[in-house]
Amino acid sequence: MDINEILVIAMFLSFIALLFTGIPVAWVLGGIGVIFAGIGFLADMYMDTMTGLDYTTLGLVVNRLWKIMDNWILVALPMFIFMGIMLDKSGVAERLMQSMQELFGRVRGGLAITVTAIGIILAASTGIIGASVVLLAVMSLPSMTKQGYAMPLALGTIASAGTLGILIPPSIMLVIMADQLGLSVGDLFMGAVFPGLMLGGFYILYILITGIVKPDAAPIPPDAKPITMNAFMNVMKAVLPTLALIFVVLGSIFAGIATPTEASGVGAFGATMLAMYNRKFNFKVLKEVVGGTMNTTAYIFAIFIGATCFALVLRELGGDELIESFLTGLPFGPYGIIFFILGVIFLLGFFLDWIEITLIILPLLAPVISALGLDIDGYGVVDNPELVWFVMLVAMALQTSFLTPPVGFALFYLKGVCPPNVQLRDIYKGVIPFIILQLIGLLILVFWPQLVLWLPATAYG
Amino acid sequence: MTEIEKLPSVPLADGIDRFIQRIGLTVAWAYVALVLVIILQVVLRKGFASGLIALEELQWHLYAVGVMFGLSYAQTTNSHIRVDLFYSSFRAKTKHVIEILGILILVMPFIAIVFFHSLDFVADSWRINEHSSAPSGLGWRWLIKSTIPISFALLALAMVSRLIRDFTLLMRGDA
Amino acid sequence: ADKLLLKTPIAFGTHLPALGTPIAWVADQLKLVSDGKVKMKVYEPGKLVSPPEILDAVSSGKVNSGYSTAGYWQGKMPAAALFSAVPFGPEAGEYMAWLYYGNGMSLYQEMYDTAGYNVKVMPCAIISPETSGWFSKPIEKPEDLKGLNMRFFGLGASVMEKLGVGTVQLPGGEIFGALEKGAIDATEFSQPAIDQRLGLHKIVKYNYFPGWHQQATVFELLINKDTWGKMSKGQQALVETTCKASMTNAIAEGEAMQFEVMEKAAENGVEIRYWNQTMLDTFKSKWDEVVAEKTAADPFFNKVWTDLSTFRKGYDLWEANAFLPRAQK
Ligand code: NA
Ligand code: NA
């Protein structure tokens with residue numbers, strides 16, 4: 001093993017080790033980056049490596065940081081957070097949750113199912129996981145706690161529903177993948193619809209079954225009434241304003257009034273209007289919302305900023321080459337190779353961000369997959385059907401990586417908005433069943449590619 | 001909204017934190033401006049077919065200011081995310097030591113790298129009076145770029161405050 | 001030094017034909033012709049540093065070289081646009097004539113020097129025209145453009161704005177979604193073979209030509225001046241000659257791969273249209289207005305523009321007589 005490889009592995013291991021000291025994730029990422037840049041520099045001097053790392057090169061961190069700042073697509077993140085906190089402060093969210101719960105009456109897990117349903121709706125309006133997770137948590141966690149849900153179930157539901165956004169279009173991840181592989185964004189968006197809905201369906205099914213098998217985990221509120229026409233009308237009245245808001249956000253996208261990025265601002269504005277309508281809006285509320293948005297946005301972006309330093313140094317140490325040499329020339333059959341690759345991506349997802357994986361690994365894999373000679377039917381409409389299908393497999397594996405400990409970004413975002421008595425280990429425990437569901441979904445996609453390819457073929461045929 | 005674990009009070013550190021928070025909460029109004037600019041942009045484009053590149057750019061300017069000044073703000077509210085798997089069961093003394101070492105060994109070098117390199121980055125932009133690459137975009141690019149050194153200086157100050165706090169508490173031997 | 005490693009972040013992925021493939025070719029050739037003594041390590045966009053940051057990274061020595069197009073720097077140096085693509089500007093042959101045998105190259109280097117950038121510049125690829133854009137309806141007269149929202153990049157955007165078009169400069173990845181949902185009504189991006197990858201033909205059917213805004217696009221290799229100064233005469237010649245060879249390679253590749261894609265698009269129901277004379281005249285007169293503003297605002301822009309215009313006026317005599325007229329269709 002040469003020195004570069006040892007350094008790359010040492011960098012990974014130090015990162016994981018330091019994470020568990022409880023030092024904030026963002027600073028571990030950034031700090032490890034700087035320290036290993038120093039180590040790389042010394043290795044160049046005394047150990048005949050060629051990392052090229054030094055003080056000047058490390059300055060690239062500033063250029064990379066600037067690209068996070070001038071990224072127009074990321075504007076959506078604080079806006080959806082703004083919307084979420086405003087909905088919470090204005091009492092709208094709680095009312096929505098209550099009403100939906102009434103609607104489900106005596107169905108166990110009704111509230112959790114509501115969360116998943118809203119998660120799917122949010123997923124269709126943005127692809128920003130941090131925003132979805134925070135929004136769902138702020139809106140639903142207090143209600144679920146009050147109703148006596150088992151913490152792991154509540155947290156797992158929120159985290160998993162929140163990550164659907166990276167798969168269900170519009171999705172930044174799919175946009176970048178399309179760009180990397182030269183595939184049509186439209187094909188990928190359409191291809192992701194059924195896989196995304198399938199996962200949402202699995203979540204709901206799981207919650208229903210949990211309600212039956214472990215009734216204590218998802219209790220029915222003591223005052224639950226059977227649904228009458230009257231109750232139904234009351235619920236409708238309560239839900240209407242919020243539904244209108246969601247309609248405005250989604251509608252503005254689908255009617256072509258706003259881009260998904262702008263729709264986030266429309267949502268924030270709409271939530272403020274709702275608060276005014278409910279007479280909950282005043283200067284103090286606005287100040288709290290603004291401060292909360294500032295805080296939440298910042299801790300999410302701190303991780304981006306730390307990660308960009310980490311990734312830069314990892315790359316300069318030769319992390320790309322290490323992963324590449326690991327993946328090429330595997331002695332398996334076509335499906336064997338696919339399973340192996342997915343397995344590796346899944347494992348890398350325990351530690352790396354999807355952006356890194358997409359940028360580093362996906363371009364290396366495309367030729368491998370094309371060369372497998374798989375006979376995947378694109379109905380004569382979808383270009384490179386085998387790649388579209390494979391990208392969807394990777395996308396789902398990566399979506400899972402948001403949920404896998406120790407480095408699961410959805411878990412971090414969720415932790416950020418939970419009350420302090422909720423610990424990360426509760427969240428870890430909660431997501432395990434959902435990770436298993438994801439893996440089942442992945443298996444289904446492997447053996448049933450038409451789930452991916454039928455829709456783009458039909459839509460653009 | 002976030003219920004933050006309250007840190008024990010240390011007068012000097014409290015003072016610094018209040019100063020940083022006052023700045024942070026003032027800058028935070030950029031997010032309200034952002035909402036309004038987005039609405040304006042949508043209305044102009046759809047209603048009057050005159051979307052403006054300058055407004056599009058103003059959006060990420062406002063967002064960037066919020067994000068960068070948020071870093072130090074979130075530090076003073078102790079909101080940066082930790083993997084608390086073991087951390088939550090550490091004794092207070094252990095936590096103080098970890099915090100101090102973490103800031104000195106990991107955080108400060110990182111902040112220093114960003115801060116010093118960003119000075120050249122801003123100076124270059126100032127020297128050529130950098131403008132948006134879109135002809136009808138915004139000018140004065142050095143102004144938004146200079147949020148990097150300023151916000152990282154504030155972040156360093158927030159770290160110093162935290163160092164003072166943890167060091168004082170460690171000396172005091174608080175449980 | 002005997003050996004040289006050029007660490008080269010690039011502005012366009014090497015998987016993109018004509019935009020990105022040339023630099024991969026250059027990297028391969030450098031290694032071959034130098035027997036492995038000069039190597040170029042190419043970093044895909046964003047891996048080390050994102051495209052708009054390449055100039056800063058090379059100039060400050062954070063990397064020792066970079067591959068981009070000068071159009072990206074027009075916010076830093078307005079004249080940079082003229083070294084990348086000029087609306088109603090020269091085609092590839094004339095462009096190269098001005099660069100290599102007119103004053104183009106010395107002005108190009110002078111621009112970076114006067115702005116204080118520590119870089120050595122050389123053209124390292126050139127590509128043929130881009131398409132003029134994708135529209136959801138036919139555009140027959142200037143009024144048809146009024147009120148459209150269009151994604152448009154660079155100097156051409158100023159022309160479109162003068163025609164009452166609301167322009168935005170969405171990143172490549174947002175174009176498809178915005179166009180599909182109608183947040184924008186039209187877009188330009190690149191050549192047919194590249195546009196096809198975005199899938200634009202799946203949503204809008206009117207693809208207009210000629211690309212008056214970009215008849216030829218030059219891509220540049222930037223090398224940190226300290227690195228350049230330390231290179232031997234042989235190494236310098238090696239890099240410069242390989243880049244010149246790359247100009248040939250890139251234009252040949254770009255010319256070869258468009259028609260097949262256009263045929264296929266036409267089969268899929270895309271209408272390939274040529275701007276009528278009224279439209280072309282309108283674009284031209286608005287472009288003249290834009291030029292008047294730009295030359296008044298920036299002295300160096302004016303200097304380059306005047307030189308280029310003088311060269312082109314001379315070339316006109318040759319061009320008008322030497323070439324066969326082009327048959328349309
Ligand atoms: Na989405
Ligand atoms: Na993970």
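The structure this text deals with has already been given above.
Residues numbered from 1 in each chain as written. Chains lettered and ligands numbered in written order. Predicted model: local features only at pLDDT ≥ 70, side-chain atom pairs only at ≥ 80, totals over all residues. Heavy atoms only, no water.

Thoughts on the overall build of chain C
For step 1, the next point in the chain: Each helix and strand counted, chain C has eleven helices and eleven strands in total.
For step 2, the next point in the chain: Over its C-alpha trace chain C gives a radius of gyration of 20 Å, about what one expects of a compact globule, namely 20 Å for 329 residues.
For step 3, the next point in the chain: Principal-axis analysis of the C-alpha atoms places the extent of chain C at approximately 60 × 40 × 40 Å.
For step 4, the next point in the chain: Per-residue burial over chain C gives 58% buried out of 329 residues.
For step 5, the next point in the chain: Relative to all contacts within chain C whose residues are 6 or more apart in sequence, the contacts with residues 24 or more apart total 76%.
For step 6, the next point in the chain: Of the charged side chains in chain C, 33 are positive and 37 negative, and the gap between their average positions amounts to 5 Å. (Helix = DSSP H or I, 4+ residues; strand = E, 2+ residues; numbered from the N terminus. Rg over C-alpha atoms; globule rule 2.2 N^0.38 Å. Buried < 20%, exposed > 50% of the residue type's maximum accessible area, 1.4 Å probe, protein only. Contact = heavy atoms within 4.5 Å. Lys, Arg positive; Asp, Glu negative; His and termini not counted. Charge placed at Lys NZ, Arg CZ, Asp CG, Glu CD.)

Let's talk about the overall build of chain B
For step 1, the next point in the chain: From N to C terminus, chain B includes seven helices and zero strands.
For step 2, the next point in the chain: Helices and strands appear in chain B in the N-to-C order α-α-α-α-α-α-α.
For step 3, the next point in the chain: In summary, chain B has a C-alpha radius of gyration of 20 Å against a globular reference of 16 Å for 175 residues, an excess of more than 25%.
For step 4, the next point in the chain: Per-residue burial for chain B yields a buried fraction of 57% across its 175 residues.
For step 5, the next point in the chain: Counting only contacts in chain B whose residues sit at least 6 apart along the sequence, the fraction spanning at least 24 positions is 75%.
For step 6, the next point in the chain: Approximately 7200 Å² of chain B is accessible, and the part contributed by carbon and sulfur atoms is 70%. (Areas by Shrake-Rupley, 256 points an atom, 1.4 Å probe, with all protein chains shown as cover.)

A few points about the environment of Leu7(B)
Residue and element names in this part refer to chain B.
For step 1, the next point in the chain: With respect to the helices and strands, Leu 7 occurs in the segment before helix H1 (11-27).
For step 2, the next point in the chain: The exposure class assigned to Leu 7 is partly exposed, which follows from its relative accessible area of 26%.
For step 3, the next point in the chain: Placed 70 residues apart in sequence, Leu 7 and Thr 77 show a C-alpha to C-alpha distance of 8.9 Å.

Some points on the pattern of salt bridges
Residues and elements named next belong to chain B.
For step 1, the next point in the chain: Per the counting criterion, the structure on display carries 27 salt bridges over all chains.
For step 2, the next point in the chain: A salt bridge links Arg 127 to Asp 124, with the shortest nitrogen-to-oxygen separation between them at 2.6 Å. Within this pair, Arg 127 and its partner Asp 124 are both found in helix H5 (residues 92-127), separated by three residues, close to a single helical turn.
For step 3, the next point in the chain: Residue Arg 127 is classed as partly exposed on the basis of its relative accessible area of 40%. (Salt bridge = Lys/Arg side-chain N within 4 Å of Asp/Glu carboxyl O.)

A closer look at the interface of chain A and chain B
For step 1, the next point in the chain: If you look at the interface, chain A gives 76 residues, while chain B gives 66 residues.
For step 2, the next point in the chain: Buried surface at the junction of chain A and chain B, summed over both partners, amounts to about 6200 Å²; 78% is from carbon and sulfur atoms.
For step 3, the next point in the chain: Along the contact surface separating chain A from chain B lie zero salt bridges.
For step 4, the next point in the chain: Between chain A and chain B we count five residue pairs in polar contact (both at pLDDT 80 or more) in total. (Buried area = accessible area lost by both parts, 1.4 Å probe. Polar contact = N/O pair within 3.5 Å; in protein donor to acceptor, adjacent residues only side chain to side chain.)

Quick word on the state of the cysteines
Residues and elements named next belong to chain C.
For step 1, the next point in the chain: Per the counting criterion, the structure on display carries one disulfide over all chains.
For step 2, the next point in the chain: A sulfur-sulfur separation of 2.1 Å characterises the disulfide bridge that pairs Cys 124 with Cys 243. Between Cys 124 and Cys 243, the disulfide has an S-S torsion of -85° and is therefore left-handed. Placement of Cys 124 in strand S4 (residues 119-127) and of Cys 243 in helix H9 (residues 233-267) is noted, with a sequence separation of 119 residues between them. The pair formed by Cys 124 and Cys 243 is uniform in burial state, with each residue classed as buried. (Disulfide = S-S within 2.5 Å.)

What to know about the side chain of Gln214(C)
All names here are of chain C.
For step 1, the next point in the chain: As for its placement among the helices and strands, Gln 214 is situated in the loop between strand S9 (206-209) and strand S10 (217-224).
For step 2, the next point in the chain: Side chain to side chain, Gln 214 and Thr 217 meet in a polar contact 3.2 Å long.
For step 3, the next point in the chain: In contact with Gln 214, not counting residues within four places along its chain, are Ala 85, Pro 129, Glu 130 and Glu 188.

Overview of the packing of aromatic side chains
All names here are of chain C.
For step 1, the next point in the chain: This structure, assessed with the given rule, holds 35 aromatic pairs over all chains.
For step 2, the next point in the chain: Ring centres 5.8 Å apart and planes at 80° place the aromatic pair Phe 135 and Trp 275 in the edge-to-face group. Separated by 140 residues along the polypeptide, Phe 135 in strand S5 (residues 133-135) and Trp 275 in the loop between strand S11 (271-274) and helix H10 (277-297) bring together distant segments of the chain.
For step 3, the next point in the chain: Take Phe 135: its relative accessible area is 1%, and that puts it in the buried class.
For step 4, the next point in the chain: Relative accessible area serves as the criterion here: at 3%, Trp 275 is assigned to the buried category.
For step 5, the next point in the chain: Linked through ring pairs, Phe 88, Phe 135, Phe 152, Tyr 208, Trp 212, Trp 275 and Phe 283 together constitute an aromatic cluster. (Phe/Tyr/Trp six-rings, centres within 6.5 Å; stacked < 30°, edge-to-face > 60°.)

A few points about the packing of helix H4 (residues 104-114) of chain C against helix H11 (residues 299-322) of chain C
All names here are of chain C.
For step 1, the next point in the chain: Packing of H4 against H11 leaves a shortest axis separation of 11 Å and a crossing angle of 175°. With respect to each other, H4 and H11 are oriented roughly antiparallel. Across the interface between the two elements, Leu 107, Glu 110 and Met 111 from H4 touch Phe 300, Lys 303, Val 304 and Asp 307 from H11. (Axes fitted to C-alpha atoms, helices over the stretch in contact; angles between N-to-C directions. Parallel < 35°, antiparallel > 145°, perpendicular 65-115°, else oblique.)

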